[in-house]
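# Structural description and commentary
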Amino acid sequence: MSASQTSDVPTLLVKIFGKDRPGITAGLFDTLAAYSVDVVDIEQVVTRGRIVLCALVTEPPRGLEGDLRATVHGWAESLKLQAEIISGIGDNRPRGLGRSLVTVLGHPLTAEATAAIAARITESGSNIDRIFRLAKYPVTAVEFAVSGVETEPLRTALATEAAALGVDVAVVSAGLHRRAQRLVVMDVDSTLIQDEVIELFAAHAGCEDQVAEVTASAMRGELDFEQSLHARVALLAGLDASVVEKVRGEVRLTPGARTLIRTLKRLGYQVGVVSGGFTQVTDDLKERLGLDFAQANTLEIVDGRLTGRVTGEIVDRAGKARLLRRFAAEAGVPLSQTVAIGDGANDLDMLNAAGLGVAFNAKPVVREAAHTAVNVPFLDTVLYLLGITREEVEAADTLDEGPGEDLGLPLDRI
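As a starting point, this report considers the structure included with it. Everything numeric here is computed off the predicted structure, so don't read it as measured data.

### With respect to the pairing of strand β8 (residues 168–173)
Among the six residues of β8, five are classified as buried, and the element is accordingly described as predominantly covered. With six bridges connecting them, strand β5 (residues 99–106) and β8 associate as antiparallel partners. The residue of β8 that forms the bridge with Leu101 is Val172.

### As for empty space enclosed by the protein
Within the structure shown, the criterion is met by one cavity of 30 Å³ or more. Put simply, the largest cavity is a space of about 150 Å³. Taken together, 16 residues form the lining of the largest cavity, with Asp189, Glu196, Phe225, Gly276 and Gly277 sitting closest to its centre. When contributions to the lining of the largest cavity are tallied by element, the ones reaching two or more residues are α6 (208–219), α7 (225–234) and β10 (270–278). Among the elements that make up the lining of the largest cavity, the one with the highest residue count is β10 (four residues). A class-by-class count of the residues in the lining of the largest cavity yields five nonpolar, five polar and six charged.

### Considering the packing of aromatic side chains
Enumeration over the complete set of coordinates arrives at two aromatic pairs. Centroid distance Phe201 to Phe278: 5.9 Å. Interplanar angle 85°. Geometry classified as edge-to-face. Of this pair, Phe201 sits in helix α5 (residues 197–205) while Phe278 sits in strand β10, and the two are 77 residues apart along the sequence. Exposure class is identical for Phe201 and Phe278. Each is buried. Between Phe293 and Phe327, the aromatic rings sit 4.7 Å apart at their centres with planes inclined by 15°, giving stacked as the arrangement. Pair noted here: Phe293 is in strand β11 (residues 293–302) and Phe327 is in helix α11 (residues 317–331), with a separation of 34 residues, a long-range link. In this pair, the class of Phe293 matches that of Phe327, namely buried.

### Focus: helix α2 (residues 65–78)
For α2, with 14 residues, the first-to-last C-alpha span of 20 Å sits near the 20 Å given by 1.5 Å per residue. Next to the buried residues of α2 lie β1 (10–19), α1 (24–33) and β4 (82–89). Immediately beyond the C-terminal end of α2, within one or two residues, lies Lys80, with a positive phi of roughly 60°.

### Brief notes about the sheet that holds strand β2 (residues 39–47)
A sheet is described by the order of its strands in space; here four strands give the open sequence β2-β3-β1-β4, paired in antiparallel fashion. Here the strands that pair on one side only, and so sit at the sheet edges, are β2 and β4. With direction set aside, neighbouring strand axes in the sheet form an average angle of 10°. Here β1 pairs with β4 via eight bridges, running antiparallel. Bridging across to β4, Lys15 finds its partner in Glu84. Of the strands in this sheet, β1 and β4 are in contact with α2, which crosses β4 at around 155°.

Definitions and limits used
Residues numbered from 1 in each chain as written. Predicted model: local features only at pLDDT ≥ 70, side-chain atom pairs only at ≥ 80, totals over all residues. Heavy atoms only, no water. Buried < 20%, exposed > 50% of the residue type's maximum accessible area, 1.4 Å probe, protein only. Helix = DSSP H or I, 4+ residues; strand = E, 2+ residues; numbered from the N terminus. Pairing = 2+ DSSP bridges. 1 Å grid on protein atoms, 1.4 Å probe; cavity = no way out; pocket = protein on both sides within 12 Å on 5 of 7 lines; lining within 4 Å. Points joined across faces, edges and corners; volume = space filled by probe spheres on them. Nonpolar A, V, L, I, M, F, W, Y, C, P; charged D, E, K, R; others polar. Phe/Tyr/Trp six-rings, centres within 6.5 Å; stacked < 30°, edge-to-face > 60°. Expected span 1.5 Å × (residues − 1). Contact = heavy atoms within 4.5 Å. Axes fitted to C-alpha atoms, helices over the stretch in contact; angles between N-to-C directions.

Don't take any of this as a statement about function, it's just geometry.
Structure follows, in structure tokens:
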């Protein structure tokens with residue numbers, strides 16, 4: 001029976017509550033089957049061992065409703081469950097136009113924050129149709145299915161609320177395209193890894209403080225990136241090329257980075273990195289992590305020493321967006337189905353060009369401009385923004401040949 005056929009048909013909403021155990025769902029429908037009813041809708045939720053099972057079914061043949069009610073109540077009582085049966089007409093009311101998925105991340109997720117987000121959704125003219133928990137650790141992540149308002153105004157309405165509450169909120173359009181985002185491109189320094197690579201080189205050259213100061217100004221958008229890059233790299237002139245291997249060994253993955261990449265790859269995504277850092281490190285990361293794409297600046301080395309110059313095309317703010325488009329074209333993925341992750345001002349063009357731009361523990365100017373922000377120190381929480389549950393992440397882990405050493409890099413959180 002189609003939705004249009006049930007619009008004015010008498011229906012019964014059968015609700016079952018109580019302690020969960022195997023066989024409840026089968027038992028309820030086996031009981032209902034004796035009355036030749038059709039199933040219109042089913043919802044079931046289990047929370048801390050308690051089940052709420054709702055079945056919307058057509059009314060039984062004339063004269064049998066009373067018997068059906070008595071039988072369902074008797075069956076429920078035999079299992080120490082509670083039953084409620086409500087008469088009505090037709091199916092659920094149609095969902096409003098404009099359908100979005102609102103993902104809320106909290107560490108922890110407080111009742112106050114949940115109330116405020118739900119209230120703001122309602123105030124925007126939207127309706128919350130369903131709520132589903134995606135993860136309980138390392139953060140609590142819940143997803144609201146919302147209808148009634150277009151995605152962009154809803155995203156704007158929730159952005160200010162999220163910042164005030166200290167929670168991360170992502171708003172994306174509902175639909176198949178969400179699961180079809182098949183390319184993820186991320187920044188490297190302070191995103192994929194915990195370090196600023198040029199500062200690791202600078203520590204070996206004894207100029208770490210000077211380089212760090214210029215780096216911080218560039219990331220805040222106060223300096224032109226290319227000028228600051230040349231100024232910082234000039235301080236490395238004369239370093240022995242053997243320092244490259246030392247820096248590679250000092251690089252620390254961001255917690256969750258390995259889990260993020262492994263899960264995305266197992267789900268069929270392509271993954272790349274773009275960096276204002278150096279190919280001497282990103283090429284190594286690409287090989288070790290099994291990345292599909294990697295592009296960065298290249299430190300010039302002559303006669304076994306760094307010259308203090310870079311060679312080739314400069315990867316700056318505009319360059320990162322250009323590379324995102326290039327990677328997408330090579331991967332055969334529309335820009336609307338890409339995800340970009342970054343933390344600095346030089347990531348902004350890339351974040352805005354992607355279908356979903358994620359500011360990861362970012363500077364304020366970046367958080368304000370990106371589609372959404374993640375402010376917990378776990379990179380794999382980005383998976384929840386894509387609708388991937390913790391259970392799916394763990395299922396991907398079981399396919400791994402043996403989690404432990406992070407492909408030669410320092411241990412990652414699993």
